[in-house]
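Descriptive analysis of the structure
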Amino acid sequence: SAVISQKPSRDICQRGTSLTIQCQVDSQVTMMFWYRQQPGQSLTLIATANQGSEATYESGFVIDKFPISRPNLTFSTLTVSNMSPEDSSIYLCSVYISTHYEQYFGPGTRLTVT
Amino acid sequence: DAKTTQPPSMDCAEGRAANLPCNHSTISGNEYVYWYRQIHSQGPQYIIHGLKNNETNEMASLIITEDRKSSTLILPHATLRDTAVYYCIVRVFGNAGNMLTFGGGTRLMVKP
């Protein structure tokens, strides 16, 4: 399996500010994903982050609001920009391990916007 | 990916078997059935997956009907630590571009 860490684990932020969430994997992976889980809801895919190319965003999510970086095969960041209370969610990083045909998830970052 | 339907919640007595159903009537021939669970405040955890044969591992058993339109995840001896939301997902095996799409899941409450 893959060991995935996220920083910060939680944060409370003011409306209008931005937060960058980091995701670190203990092995090189081609595909990384960012999900959002709003309170009491299931997971929703935000975007797919591939190293060396622009992230691919799902419907309803845009780069200006959720810019993503993928500088190498073990690391990615997701920024939540110009935050509002509606952005209060758990943000999860996920990776696909081709040799295992499996997808693994990080512990999540719990964001509260006041 | 094919859509899945699960009951929103279930209860199970500690030590008894928990049987969690999933309907996936539009599943394609090359789609596998995956089960994940999410314990409170944690990321989803892989449990098991299968194509058409029944599968068993150290965590659970997966029973898939012959027509593949439904399946059941079985936790043989549920413990309090099995309390979680269980997600049934169908996807093409090994297709990294076809990432996991989550439905509502079943909230399993294991009671003493």
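So, here is what we can say about the structure in this document. (Residues numbered from 1 in each chain as written. Chains lettered and ligands numbered in written order. Predicted model: local features only at pLDDT ≥ 70, side-chain atom pairs only at ≥ 80, totals over all residues. Heavy atoms only, no water.)

Details of the layout of surface pockets
What counts, and what does not: Here a cavity means grid points, on a 1 Å grid over the protein atoms only, where a 1.4 Å probe fits yet cannot get out; a pocket means an open set of points with protein on both sides within 12 Å along at least five of seven lines; lining residues are those with an atom within 4 Å of a point. Grid points are joined across faces, edges and corners, and a volume is the space filled by probe spheres set on the points. In this description a helix means any DSSP run of H or I spanning at least four residues, a strand means any run of E spanning at least two, and both kinds are numbered starting from the N terminus. Residues were grouped as follows: Ala, Val, Leu, Ile, Met, Phe, Trp, Tyr, Cys and Pro as nonpolar; Asp, Glu, Lys and Arg as charged; and all remaining residues, including Gly, as polar.
Of the pockets and cavities examined, the largest pocket occupies roughly 580 Å³. The wall of the largest pocket is formed by 29 residues, among which Q37(A), G40(A), H40(B), V85(B) and R107(B) lie closest to the centre. Counting residues per element, the ones that place at least two in the lining of the largest pocket are β9 (89-97) and β11 (109-113) of chain A together with β8 (84-92) and β9 (106-111) of chain B. For the lining of the largest pocket, the element with the highest residue contribution is β9(B), accounting for four residues. Residues belonging to the lining of the largest pocket are distributed by class as follows: 10 nonpolar, 17 polar and two charged.

Here's the deal with the nonpolar core
Using the following cut-off: In these notes, a set of buried Ala, Val, Leu, Ile, Met, Phe, Trp, Tyr and Cys residues joined through side-chain atoms within 4.5 Å is what counts as a nonpolar core. Only protein chains enter the calculation, and the probe is 1.4 Å; a residue is then buried if its accessible area is under 20% of its type maximum, exposed if over 50%, and partly exposed in between. Throughout, a residue-residue contact means that at least one pair of heavy atoms, one from each residue, lies within 4.5 Å.
Judged by nonpolar contacts, the single largest core of 28 residues is most densely connected at I46(A) and V95(A). For this core, the secondary structure elements donating two or more residues are β3 (19-25), β4 (31-37), β5 (43-50), β8 (75-80), β9 and β11 of chain A. What V95(A) contacts, discounting residues up to four positions off in sequence, is A2(A), I4(A), V25(A), V29(A), M31(A), M32(A), E102(A), Q103(A) and Y104(A). One finds C12(B), Y86(B), C88(B) and L108(B) within the second-largest nonpolar core, a separate group that totals 21 residues.

Focus: the packing of aromatic side chains
The test is simple: Only Phe, Tyr and Trp rings take part, Trp by its six-membered ring, and two of them pair if their centres are within 6.5 Å. Stacked means planes under 30 degrees apart, edge-to-face means over 60, and tilted covers everything else. A positively charged side chain is recorded as over a ring if its NZ (Lys) or CZ (Arg) lies within 6 Å of the ring centre. The angle to the ring normal must also be within 35 degrees.
The full count for this structure, using the stated rule, is 10 aromatic pairs over all chains. Centroid distance Y36(B) to F102(B): 6.3 Å. Interplanar angle 70°. Geometry classified as edge-to-face. Placement of Y36(B) in strand β3 (residues 31-38) and of F102(B) in the loop between β8 and β9 is noted, with a sequence separation of 66 residues between them. Judged by its relative accessible area of 9%, F102(B) is buried. Here the aromatic rings of Y87(B) and F102(B) are separated by 5.1 Å at their centres, their planes lie at 90°, and the arrangement is edge-to-face. Residue Y87(B) is found in strand β8, and its partner F102(B) is found in the loop between β8 and β9; the two are separated by 15 residues along the sequence. Like F102(B), Y87(B) is buried. Feature note: the residues Y35(A), F105(A), Y34(B), Y36(B), Y46(B), Y87(B) and F102(B) constitute an aromatic cluster, connected by ring pairs. The residue whose ring lies beneath R91(B) is Y34(B), and the NZ or CZ to ring-centre distance is 5.5 Å.

Re the side chain of R37(B)
Residues and elements named next belong to chain B. Worth spelling out the cut-off: Polar contacts here mean pairs of N or O atoms no more than 3.5 Å apart (in protein, one a potential hydrogen donor and the other a potential acceptor; neighbouring residues in sequence count only if both atoms are side-chain atoms).
Along the polypeptide, R37 turns up in strand β3. Within the structure, R37 has its side chain in polar contact with the side chain of Y86 (distance 3.0 Å). In this view, R37 contacts G43, P44, Q45, I47, M59, R81, D82, A84, V85 and Y86; residues no more than four positions away in its chain are not counted.

Let's talk about the environment of R15(A)
Residue and element names in this part refer to chain A. Among the structural elements, R15 can be located in the loop between β2 (10-13) and β3. In this structure, the C-alpha to C-alpha distance between R15 and E86, residues 71 residues apart in sequence, is 9.9 Å. In contact with R15, not counting residues within four places along its chain, are M83, S84, P85, V113 and T114.

Structural notes on the state of the cysteines
Residue and element names in this part refer to chain A. Heads up, the rule is: Cysteine sulfur pairs qualify as disulfides if the two atoms are within 2.5 Å.
Scanning the entire structure with this criterion turns up two disulfides over all chains. A sulfur-sulfur separation of 1.9 Å characterises the disulfide bridge that pairs C23 with C93. On the sign convention where negative is left-handed, the bridge of C23 and C93, at about -65° about the S-S bond, is left-handed. With a gap of 70 residues between them, C23 in strand β3 and C93 in strand β9 connect regions that are remote in the sequence. Of the two residues, C23 and C93, both sit in the buried class.

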